[in-house]
Amino acid sequence: MRRICSSCCFTRRVSNTHQKAEHIQRSIGTMENPKEGNAYGVSEKQNGSSIKSRNGFPSNIILNHDFSRGLDSWNLNCCNGSVVTAESGSNYAVITNRKECWQGLEQDITCRVSLGSTYSVSAFVGVSGFLQGSADVKATLKLEYQGSATSYLFIGRTSVPRQQWKKLEGTFSLSTMPDRVVFYLEGPSPGVDLLIESVVIFCSSPIDDESSSTRCAAEGDENIILNPRFEDGVNNWSGRGCKILLHDSMGDGKIVPQSGKFFVSATERTQTWNGIQQEITGRVQRKLAYEVSAVVQIFGNNITSADVRVTLWIQTPNQREQYIGVAKVTDKEWIQLQGKFLLNASPSRVVIYLEGPPPGTDILVNSLAVKHAEKIPPSPPPVIEDLAFGVNIIQNSNLNDGSNGWFPLGNCTLSVATGSPHILPPLARDSLGTHEPLSGRYILVTKRSQNWMGPAQMITDALKLYLTYQVSAWVRIGPGATGTQNVNVALGVDNQWVNGGQAEVGNDRWYEIGGSFRIEKQPLKVMAYIQGPAPGVDLMVAGLQIFPVDRHARFRHLRKETDKIRKRDVILKFSGSGIGTPIGTFVKVRQTQNSFGFGSCVSRTNIDNEDFVDFFVKNFNWAVFGNELKWYWTESQQGNFNYRDADELLDLCKSYNMETRGHCIFWEVEGTVQPWIKQLSKNDLMTAVQNRLTGLLTRYKGKFRHYDVNNEMLHGSFYQDRLGKDIRANMFKSANQLDPSATLFVNDYHVEDGCDTRSRPEKYIEHIIDLQKQGAPVGGIGIQGHIDSPVGPVVCSALDNLGALGLPIWFTELDVSSINEFIRADDLEVMLREAFAHPAVDGIMLWGFWELFMSRDNAHLVNAEGEINETGRRYLALRKEWLSHGHGHVNEQGEFMFRGFHGSYVVEMGTGSKKISKTFVVDNGESPLVVSIDF
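Values in this document were obtained by computation on a predicted structure and should not be read as measured data.

The next subject is the packing of aromatic side chains. In this structure the tally under the stated criterion is 39 aromatic pairs. Measuring from ring centre to ring centre gives 5.5 Å for phenylalanine 263 and tryptophan 334, while their planes differ by 75°; the resulting arrangement is edge-to-face. Separated by 71 residues along the polypeptide, phenylalanine 263 in strand β14 (residues 263-267) and tryptophan 334 in the loop between β18 (321-330) and β19 (335-342) bring together distant segments of the chain. As far as the burial class goes, phenylalanine 263 and tryptophan 334 line up, both buried. Here the aromatic residues Phe612, Phe615, Phe616, Phe620, Phe849, Trp850 and Tyr875 are joined through ring pairs into a cluster of three or more. The aromatic ring of phenylalanine 745 is capped on one face by arginine 661, whose charged end is 4.8 Å from the ring centroid. The ring of phenylalanine 555 carries the charged tip of arginine 833 above its face, separated from the ring centre by 5.4 Å.

Encoded structure:
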């Protein structure tokens, strides 16, 4: 199962939200701030366009005008930026890495301006950086017209001295309505940072024109929602178990529409699923991706935040019901909710509705749009210049210059001592090869009063985007700790915490930390630091290495290993008289299937899409069901069983001769256990567990090759806590008695990536041995493989350690994620090559491959409407690489020889009009395989 591990899943998303203002404060000093209150009567926290603000003044059409929600609703125009919180508590945007005068911050205001109206603009701006005198800051409109050149409309300009805020003012009016209107701030010279504290645009001379409120909803009548902005009251809408009411304001006028004239409340809600709904049957097509966009907020006296979700209810012609969660947000101000969906089958009914907050909380809806999703062009492969693979970006890592380059994070003390290892940690050694010895010096951190205190170093300028970095260090703790301590190499990337690796460390010896990370958006600052032990415990750090890895060099090594363990020499010996002498006869050998398992997750709804099924059965030989075999699916309510979905999936797999894994019989994590089970007494729970085992394994005896018996035992203990330690081993024993043909697996996550001390390989090994000592017939090791920024030696080390147990290893739920599909393809290739080149691994299951039907965003191989992306193409190329084909002529000894991957083959031969075809299997073995073929 996927786990969202923000501590180690940073590939990736550097959030453009708030950070501390220390470095900006130093650069701009104490700036003038002439803005006291609000000259236009616009509430400091009000976002969006409305008819009147709460005090009667015209409303600001700029969304998130004061950056209280980071850079939400704003776009960076070919530059970088973040939001800084000043000591006063106010926020301002800092726009950096500007290489052209026109680069700055922009916002699309197309839907919030109308023809002929006059708009007044006011913004408080500043500049920072190396400049002489002052710099001009300009406000500009970019006007885009379909089929003609883009034009630009100057609004206003102000000259801004360094270390001062200045007010920029201007007006504009549109005589023609462009297809797109973008407001942006620009102007200072390249290299000068642009600072923006707030932006206000309001209509100072309105006209009686409805175009601005209806424009976004119409846009060529693409929106399939009827009456999307409630101009026609609540027609076409209904309450889902509650009432719906039309409003032009609420809360004593404090809540007004963000756009248009009206909004609707879903009120008197008594269930979380109550809300506002519209039937869209006949307006959505199967196998098309749709984008959903809604402007929503919540209202209630005793609530500050709650989830609001968009959900689809679907009924199929055979009365099967399905719910699709599209998107959710949490907020008490107007906020845009966005998501996508796709229907695999032709439904008999489709209803879209909003739900989510607790009973008694109103859901407010200003607009809802559902449109065919725009096809987004694929991201190009990143261009990375001046690559220096294997070069440590940590300065003075060997401490030859004392502690220079390092500083204490927090109120602790750093000193340099001697006595640490002189060799690189093993994982770094595997990547770097021959390397000069370490100095034997280490940083000693004392007087630590917080867990996060330790040695730190700024590495902002040394990092390159899209490169994968390996992390390695020796660490140790001082005396006085109670047991082992969790030590972590961390990175502070602006306001994000990124996990570079973790280890459980004692005071008896030096321990290795290994991990990896990657950054895909330009950060403002990056700090590497080591943290973790309890306050008062001394920390020792030696030889910290952070270096970019050369994945392609590793691939060359893996190709050689793959040839050793996945291939075998084959001799085809021909005999018989069916076509005369075989000497010189043309022979063609074609591999039809790998013996190695390549599988994917599949769900019942997927198989209604023939395009999905086509890709699935052509490119995988194993299957695992996403949810359909889990207990919460087969018996969500006590005594009400649903095996229909699993049966239909099994039928599909059987028809294509695909092997299946049974996932999973039980799941130890409490949050995954259905409520009725949690309410059982100990005796009743024991009975329910036995009934689950008997019912499932009797029904499917012999049909699943593998079972994950009790999922994620390293991360949960629901059954063990209630039924005792023996229950885990007893689950294995009972499962084996009920279906002796199935191989029984343990299955857990973050085993292979070094970012979770609970599931490091040593812990997993101890866990498996403990089960075996209790008599559990553990037959296989499942590594889920929800991984980010994988590094080959780190993954391989985990496989080496686990392989010592002699049990087959499977990656059971592999997925990788990156917005850039080329980087995602690289990540996937790392994992596939490492697994295929390791003798202990017998198979790989992907946790899905089709967009919108995976548990992680930006992890797919096939786009929603069926286009194979770069990640998918890479997967297919590797599958092709790992199939053997050959041709030639039978030699004078009546033989044809080749070296091929293990698996199933067809050989064809013939002379003249007579041709013969035979099948054979190449299995694992050291000596050449001799296959006798009679013809």
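Anyway, onward from the coordinates.
Looking now at the confidence of the model for the chain. Mean pLDDT for the chain: 88, with 91% of residues reaching 70 or above. Note on residues 1-57: pLDDT under 50 across the span, and 183 contacts to partners over four residues away in sequence or across chains.

Core analysis: the biggest nonpolar cluster contains 103 residues, and Leu572, Phe574, Phe616, Tyr707, Tyr719 and Phe920 have the highest contact counts within it. In this structure tyrosine 719 touches Trp631, Phe666, Trp667, Glu668, Val673, Ile677, Leu685, Val689, Asn710, Gly724, Ile727 and Met731, once residues within four positions along its chain are discounted.

On the basis of which strands lie adjacent, the open sheet formed by five strands has the order β23-β24-β31-β26-β29 and antiparallel pairing. The open sheet is flanked by β23 (413-418) and β29 (511-518), the only strands paired with a single partner. Direction aside, neighbouring strands of the sheet carry axes that sit 30° apart on average. Alignment of strand β24 (residues 441-446) against strand β31 (residues 539-548), held across three bridges, turns out to be antiparallel. For valine 445, the partnering residue across the bridge sits in β31 and is leucine 539.

When two helices pack together, their arrangement is given by the angle between the helix axes and by the axis-to-axis distance. It is the contact of helix α4 (residues 551-566) with helix α14 (residues 821-836), at a shortest axis distance of 9 Å, that shows an interaxial angle of 30°. Here α4 and α14 pass one another in a crossing that is left-handed. Contact residues: α4 offers Arg551, Arg554, Phe555, Leu558, Arg559, Thr562, Ile565 and Arg566, while α14 offers Ile823, Asp826, Asp827, Glu829, Val830, Arg833, Glu834, Ala835 and Phe836. Class assignment for the residues of the contact of α4 with α14 results in seven nonpolar, one polar and nine charged.

All right, on to the pairing of β24 then. Most of β24 is tucked away, with five of its six residues classed as buried. As defined by bridge partners, β23 adjoins β24 across six bridges and the pair is classed as antiparallel. Across the sheet, leucine 414 pairs through a bridge with valine 445, a residue of β24.

This part is about the environment of proline 790. Assignment of secondary structure puts proline 790 in the loop between β39 (780-783) and α13 (792-803). In this structure, the C-alpha to C-alpha distance between proline 790 and arginine 551, residues 239 residues apart in sequence, is 9.8 Å. Apart from the residues within four sequence positions on either side, proline 790 is in contact with Thr468, Arg551, Asp827, Val830 and Met831.

To continue, consider the sheet that holds strand β17 (residues 307-315). As summarised here, the arrangement of the five strands in space is β12-β15-β20-β17-β18, forming an open sheet in which the pairing is antiparallel. The open sheet is flanked by β12 (238-240) and β18, the only strands paired with a single partner. For this sheet the average axis-to-axis angle between neighbouring strands, irrespective of direction, equals 25°. One ladder, built from three bridges, connects strand β15 (residues 275-279) with strand β20 (residues 349-355); its direction is antiparallel. Across the sheet, glutamate 279 pairs through a bridge with valine 351, a residue of β20.

The topology assignment puts histidine 247 in strand β13 (residues 243-247). What makes histidine 247 buried here is its relative accessible area of 16%. At 2.7 Å, the side chain of histidine 247 and the side chain of serine 265 are in polar contact. Those residues in contact with histidine 247, other than ones at most four positions away along the chain, are Lys261, Phe262, Phe263, Val264 and Ser265.

Procedures and definitions
Residues numbered from 1 in each chain as written. Predicted model: local features only at pLDDT ≥ 70, side-chain atom pairs only at ≥ 80, totals over all residues. Heavy atoms only, no water. Phe/Tyr/Trp six-rings, centres within 6.5 Å; stacked < 30°, edge-to-face > 60°. Helix = DSSP H or I, 4+ residues; strand = E, 2+ residues; numbered from the N terminus. Buried < 20%, exposed > 50% of the residue type's maximum accessible area, 1.4 Å probe, protein only. Lys NZ or Arg CZ within 6 Å of the ring centre and 35° of its normal. pLDDT = per-residue confidence, 0-100. Contact = heavy atoms within 4.5 Å. Core = buried A, V, L, I, M, F, W, Y, C linked by side-chain atoms within 4.5 Å. Pairing = 2+ DSSP bridges. Axes fitted to C-alpha atoms, helices over the stretch in contact; angles between N-to-C directions. Left-handed = near helix turned anticlockwise from the far one by under 90°. Nonpolar A, V, L, I, M, F, W, Y, C, P; charged D, E, K, R; others polar. Polar contact = N/O pair within 3.5 Å; in protein donor to acceptor, adjacent residues only side chain to side chain.

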